[in-house]
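A closer look at the structure
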Amino acid sequence: MYLLGYDIGSSSIKIALIKASDKSVVWQSNYPEQEMDIISRQTGWAEQSPEVWWQDFCVATNRMLEQTKINPEEVLGIGLSYQMHGLVLLDKDRQVLRPAIIWCDSRSVGIGEEAYEALGKNYCENHLLNAPGNFTASKLKWVKDNEPDVFHKIDKIILPGDFIAMKLTGEINTTISGLSEGIFWDFKEKKISRALLDHFGFDQEVLAPDVPTFSIQGKLTKNAVVRTGLAKGTPLSYRAGDQPNNALSLQVLHPGQIAATSGTSGVVYGIVDHPVFDQKTRVNAFAHVNYEVAWNRIGILLCLNGAGIEYSWIKHQIARDGHSYQDMERMIGSVPVGSEGVCFLPFGNGAERMLENKNIGAHIHNLQFTRHSRGHLYRAALEGVAFAFVYGIKILKEIGLNVDVIRVANDNMFQSKTFATTIATLINCEIEVVNTNGAIGAAKASGIGIGYYANIDEGFSDVEPAQIIRPDHNRSNYEKAYSYWLSQLEILMAGSESNLSSHQEEKSGFFKKEMHRLNKELAAKELALMEQQNFLSDLEKRMASVLDGKETDWKSLLSDLKNRTRKKEQWDSFEDHFDIIHDDFFKKLKFAYPNLSVPELKICTFIRMGLSTKEIAQKLNLSTRGVETRRYRLGKKLNSQESLSQFIANF
């Protein structure tokens, strides 16, 4: 006997068939192979046709039956996961009135902001646990204001998963979790929010009645049997939004547990046992799949619109024809952490909730045509999404969520070890990769809905990490790359609230401060290296005198000590760091003046940092007069017609 699960996304329909007895995966696939089209008639709009979802759903199901040869009568239950926050409008004949406005559409941001002001912070914080934002209720208000002829024909509004459920069973219903994702649910009163409906002018009858998340929500009709090939009467026994379902699939059900996914969008989803409200409304709270059983199980969701869609864009627009994501990952391996200065901000898919609903667009910074390759762009794009995840996870930490371990499925950007390691290193936590996906989770959940499994724990008892991604020990390179990325984001965020002149002024001031900070950091690094070298050199001399005529093991220790000094390697490392911040200063200087010695390069470095002669003397353990002499000789060697400080500053 079998259980069947679907994940209805905005890019494809994923399907999984599992054996009910041991939960082994019999078959899984997705359709269509190419990502579904998103209709964008205006900037910030995103729509899809619900009938296309249904058509692809039926094709995927028929293919599964054809390839597995199973008897449809052996399917015990069906579970649905679906893209959240969409708006599907039906008339009294159950016909779709217009294309569905999907999750990444940002046209109703202003409507949600106005509603937040009108309803009041106190009500939104204590009853809705959210600002109305850019969610289903606000999207419906946009239709009311801008398409009144369509609005007056509406009989029911439903979510994408509710639409597929209707096509399967003929029943129009939803879940409490679904109502909460549309911001229709009052968590304090535990019922539909009357205040929100009154504010927008909606009749409660427009909402579908709710059914339990795990329950027999309807049975397949004759028409559904003809279209899908499944057996009449097969129960639909589970339904949830993709992010609560993803968390369930990873057995993230209780406080302190975190799930993440990075498909078309990126999401971090944590569980709390008490109401949580972000004062800046960057995160959202929804009823989790086990909310009806434990009324204090609430999912805290942070969404990044520009995630997989950004990396997909890079693949289709930048990668060579025929190159796969695996090919891109291999090229990324040849590029160091930080992409040698290339920085990618991935916010090109509408307004970003975690950026306080700003729509700053995607940006590439510091791209140099003579230095950077496709591999640099691939890594920068991947790091850009990873850094956005880190930025979001730090927001969750701010509002009180613990992040010790993150669980992810092995079916999206987390398949990239580079991507996962970047996040694990910057958050300083382990990432557990589980061999599952939303469709498999929905299939297991359908077994709970029909009573085949006694409870959630039994249904998901087999969930174990197949791989654990741990932080990279070399954290400093990741932190420097993230710091630069964050500085670019902050500049853009500031620029979105000011005119161009003040933006440029702030940008200039920021860079001056940042350069001063980094110069101090580099100076400290060089000083520490020099002190270490001096210490090791002295120790080497003392041990050489003691070891004269001693045993071989002691001589071997002396050899190891010599290797540890690695003076040239340490200086080369310093040059690399300095070049990233100072526009390839060393590369240009050594190309123009190949005969400069390391001591002369060090003086050039300190002059470039803006250090005085006295400060340079202290760092090089020289007299002030000695530094002045070296500066004079260096100026002659460089054949500078201007002051040495000015020459090096302009080089």
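It should be noted that the structure appears before, not after, this text.
Cut-offs applied
- Residues numbered from 1 in each chain as written.
- Predicted model: local features only at pLDDT ≥ 70, side-chain atom pairs only at ≥ 80, totals over all residues.
- Heavy atoms only, no water.
- Buried < 20%, exposed > 50% of the residue type's maximum accessible area, 1.4 Å probe, protein only.
- Helix = DSSP H or I, 4+ residues; strand = E, 2+ residues; numbered from the N terminus.
- Pairing = 2+ DSSP bridges.
- Core = buried A, V, L, I, M, F, W, Y, C linked by side-chain atoms within 4.5 Å.
- Lys, Arg positive; Asp, Glu negative; His and termini not counted.
- Salt bridge = Lys/Arg side-chain N within 4 Å of Asp/Glu carboxyl O.
- Polar contact = N/O pair within 3.5 Å; in protein donor to acceptor, adjacent residues only side chain to side chain.
- Contact = heavy atoms within 4.5 Å.
- Arc of directions from axis to C-beta.
- Axes fitted to C-alpha atoms, helices over the stretch in contact; angles between N-to-C directions.
- Left-handed = near helix turned anticlockwise from the far one by under 90°.
- Nonpolar A, V, L, I, M, F, W, Y, C, P; charged D, E, K, R; others polar.
- Parallel < 35°, antiparallel > 145°, perpendicular 65-115°, else oblique.

What to know about the pairing of strand 1 (residues 2-8)
A large share of strand 1 lies buried, amounting to seven of its seven residues. Residues Tyr 2, Leu 4, Tyr 6 and Ile 8 point to one face of strand 1 and Leu 3, Gly 5 and Asp 7 to the other, with burial holding for every one of them. Relative to strand 5 (residues 75-82), strand 1 is paired through seven bridges, and the arrangement is parallel. Residue Leu 3 lies in a different strand from strand 5, and its bridge partner there is Gly 77. The hairpin turn running from strand 1 into strand 2 (residues 13-19), its antiparallel successor, is four residues long.

As for the nonpolar core
Grouped together as the largest cluster of nonpolar side chains are 133 residues, with contacts concentrated most on Phe 347, Ile 423, Ile 431 and Trp 485. When residues of this core are assigned to their parent elements, the largest contribution, 15 residues, is made by helix 13 (residues 374-398). Formed by 42 residues, the second largest nonpolar core is a distinct cluster that contains Leu 17, Met 64, Leu 65 and Cys 104.

Digging into the side chain of Glu 181
Looking at the element boundaries, Glu 181 is found in helix 7 (residues 176-181). Buried and unpaired, Glu 181 has no salt bridge, with Lys 139 as the nearest side chain of opposite charge at 8.8 Å. Only 2.9 Å separates the side chain of Glu 181 from the backbone nitrogen of His 85, close enough to count as a polar contact. Excluding residues within four positions of it along the chain, Glu 181 makes contact with Tyr 82, Met 84, His 85, Phe 135, Thr 136, Leu 159, Gly 241 and Phe 286.

Describing helix 3 (residues 121-128)
Note: α-helices contain 3.6 residues per turn, so residues at a spacing of three or four share the same orientation. When we look at burial in helix 3, the residues that qualify are Tyr 123, Cys 124, His 127 and Leu 128. For helix 3, the angular spread of the buried residues around the axis is 100°, confining them to a single face. Of the residues one or two after helix 3, Leu 129 is the one with positive phi, at around 60°.

Quick look at the packing of helix 13 against helix 14 (residues 417-427)
At their nearest, the axes of helix 13 and helix 14 sit 9 Å apart, and the two run at 35° to each other. Taken as a pair, helix 13 and helix 14 cross one another with a handedness that is right-handed. Here Arg 379, Leu 382, Val 385, Ala 386, Phe 387, Phe 389, Val 390, Ile 393 and Lys 397 of helix 13 lie close against helix 14, whose contacting residues are Thr 418, Phe 419, Thr 422, Ile 423, Leu 426 and Ile 427. Of the residues that constitute the contact of helix 13 with helix 14, the class distribution is eleven nonpolar, two polar and two charged.

Considering the sheet that holds strand 12 (residues 235-241)
Picture the strands of a sheet paired through backbone hydrogen bonds; they go either parallel or antiparallel. The strand order across the open sheet formed by six strands is 3-2-1-5-12-11, and the pairing between neighbours is mixed. Every other strand in the sheet has two partners, leaving strand 3 (25-31) and strand 11 (214-219) as the edge strands with one partner each. Taken over all neighbouring pairs, the strand axes of this sheet differ in orientation by 25° on average, direction set aside. On top of the sheet, helix 1 (residues 50-68) reaches strand 1, strand 2, strand 3 and strand 5; it is set at about 145° to strand 3, its chief contact. Seen against the sheet, helix 15 (residues 438-449) touches strand 1, strand 2, strand 3, strand 5, strand 11 and strand 12 and runs at an angle of roughly 130° to strand 1.

Considerations on the pattern of salt bridges
Applying the stated criterion across every chain yields a total of 22 salt bridges. Note that Glu 432 is salt-bridged to Arg 407, the shortest N-O span being 2.8 Å. Of this pair, Glu 432 sits in strand 20 (residues 430-434) while Arg 407 sits in strand 19 (residues 405-409); the two residues are 25 residues apart in sequence, bridging distant segments of the chain. Exposure remark for Arg 407: the relative accessible area of 17% places this residue in the buried category.

Quick word on the side chain of Thr 261
Structurally, Thr 261 is set in strand 13 (residues 258-262). Residue contacts for Thr 261: discarding those within four places in its chain leaves Gln 243, Asn 246, Gly 266, Val 267, Phe 389, Asn 412 and Phe 414.

Some thoughts on the sheet that holds strand 20
Read across the open sheet, the seven strands follow the order 15-16-14-13-19-20-21; overall the sheet is mixed. The open sheet has two edge strands with one neighbour each: strand 15 (284-287) and strand 21 (467-469). Across the sheet, the axes of successive neighbouring strands diverge by a mean angle of 30°, strand direction being ignored. Sheet analysis places strand 15 next to strand 16 (residues 298-304), joined by four bridges and oriented antiparallel. Each bridged residue has a counterpart across the sheet, and for Ala 287 the counterpart in strand 16 is Ile 298. Helix-sheet contacts for helix 10 (residues 242-249) involve strand 13, strand 14 (266-272), strand 16 and strand 19, and the interaxial angle to strand 13 is about 120°. The strands touched by helix 14 are strand 13, strand 20 and strand 21; relative to strand 21, the strand with the most contacts, the crossing angle is about 55°.

A look at unusual backbone geometry
Between Tyr 31 and the following residue, Pro 32, the backbone shows a cis peptide bond with an omega angle of -5°. Assignment of secondary structure puts Pro 32 in the loop between strand 3 and strand 4 (47-48). Its identity as a non-glycine residue notwithstanding, Glu 340 has a phi of 50°, on the positive side. Even without glycine at this site, Asn 621 takes up a positive phi of about 55°.

Looking at the packing of helix 10 against helix 15
Where helix 10 meets helix 15, the axes come as close as 8 Å, and the angle between the chain directions of the two elements is 75°. One way to sum up the angle between helix 10 and helix 15 is to call them roughly perpendicular. On the side of helix 10, the interface is formed by Asn 245, Leu 248 and Ser 249, while helix 15 contributes Gly 438, Gly 441, Ala 442 and Ala 445. Grouping the amino acids of the contact of helix 10 with helix 15 by side-chain chemistry returns three nonpolar, four polar and no charged.

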